[in-house]
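Given next are the chains, with one letter for each unit.
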Amino acid sequence: MLWSVQGVQRVSEIVDLSYNNLVRARVEVDSDPQVAERIFEAASEAGVVLRELRAESASLEDVFAELTTTEVMSEAEAQALKTVREQKEKS
């Protein structure tokens, strides 16, 4: 559904939160301010209820780190990072 929305460039970090019948996804979009409206519309047409849609922006340092990091994480490290990110989002 999200991949077909005009302006969506990438969909990643899809996490199934089955215990609450929820799915979390990170969607990277172009600079068109109407993309959010198109995402809401596509979700509605698919019968999906969006509980939250928020804009995030990365600093130049974040982009550099993502582009230059080649370290492979173990599954335990990835889970720990996910937990930290979720806690950060809640606060």
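Everything that follows concerns the structure shown earlier in this document.
Participant: Whenever I open this one, the nonpolar core confuses me. Can you help?
Facilitator: Nonpolar side chains in soluble globular proteins tend to be buried together. Formed by Leu-2, Val-5, Val-8, Val-11, Val-35, Ile-39 and Ala-42, the largest nonpolar core amounts to 7 residues. Listed by contribution, the elements that provide at least two residues to this core are strand 1 (8-17) and helix 1 (35-45). It is helix 1 that contributes the most residues to this core, 3 residues altogether. Not counting residues up to four positions away in its chain, the partners in contact with Ala-42 are Met-1 and Val-5.

Participant: Explain the pattern of salt bridges to me, please; I cannot follow it from the model alone.
Facilitator: Any two side chains of opposite charge can pair if their charged atoms end up close together. Evaluated as defined, the whole model comprises 6 salt bridges. The shortest N-O distance in the salt bridge between Glu-28 and Arg-10 comes to 3.5 Å. With Glu-28 in strand 2 (residues 22-29) and Arg-10 in strand 1, this residue pair connects regions lying 18 residues apart in the sequence. The salt bridge involving Arg-54 is made with Glu-89; its shortest N-O contact spans 3.9 Å. A residue pair is termed long-range when its members are at least 10 positions apart, and Arg-54 in the loop between helix 1 and helix 2 (60-68) and Glu-89 in helix 3 (residues 75-90) qualify at 35 residues.

Participant: Looking at this structure, I do not really get the environment of Asp-30. What am I missing?
Facilitator: The topology assignment puts Asp-30 in the loop between strand 2 and helix 1. We classify Asp-30 as partly exposed; its relative accessible area is 31%. For Asp-30 and Arg-51, which are 21 residues apart along the polypeptide, the C-alpha to C-alpha distance reads 22 Å. At 3.0 Å, the side chain of Asp-30 and the backbone nitrogen of Asp-32 are in polar contact.

Participant: Even after reading the chapter, I still don't get a nonpolar patch on the surface, so can you show me in this structure?
Facilitator: Nonpolar side chains collect at one region of the surface, where Trp-3, Ile-14 and Val-23 lie side by side and expose about 370 Å² of accessible area between them. Inspection of the secondary structure puts Trp-3 in the segment before strand 1.

Calculation notes
- Positions within a chain are numbered from 1, following the residues in the order the chain's sequence is written.
- Only residues with pLDDT of at least 70 get local features here, since the model is predicted, and only at 80 or more are side-chain atom pairs given and counted; chain-wide, interface and lining totals rely on the full set of residues.
- Excluding hydrogens and water, the side-chain figures rest on all heavy atoms present in the structure.
- Put simply, buried Ala, Val, Leu, Ile, Met, Phe, Trp, Tyr and Cys residues joined by side-chain atoms within 4.5 Å make one nonpolar core.
- Residue exposure (1.4 Å probe, protein chains only): buried if accessible area is under 20% of the type maximum, exposed if over 50%, otherwise partly exposed.
- Helix numbering and strand numbering both begin at the N terminus, where a helix is a DSSP run of H or I of at least 4 residues and a strand a DSSP run of E of at least 2.
- A contact between two residues is defined here by any heavy atoms of the two lying within 4.5 Å.
- The salt bridge definition used is simple: a Lys or Arg side-chain nitrogen within 4 Å of an Asp or Glu carboxyl oxygen.
- Here a polar contact is taken to be a pair of N or O atoms separated by no more than 3.5 Å, where protein atoms must pair a possible hydrogen donor with a possible acceptor and residues adjacent in sequence count only if both atoms sit in side chains.
- Patches here: salt-bridge-free residues with over 30% relative accessible area, like charges joined within 9 Å, nonpolar side chains (Val, Leu, Ile, Met, Phe, Trp, Tyr) joined within 5 Å.
- Surface accessibility in these figures is a Shrake-Rupley result with a 1.4 Å probe; residues are shielded only by whichever protein chains are displayed.

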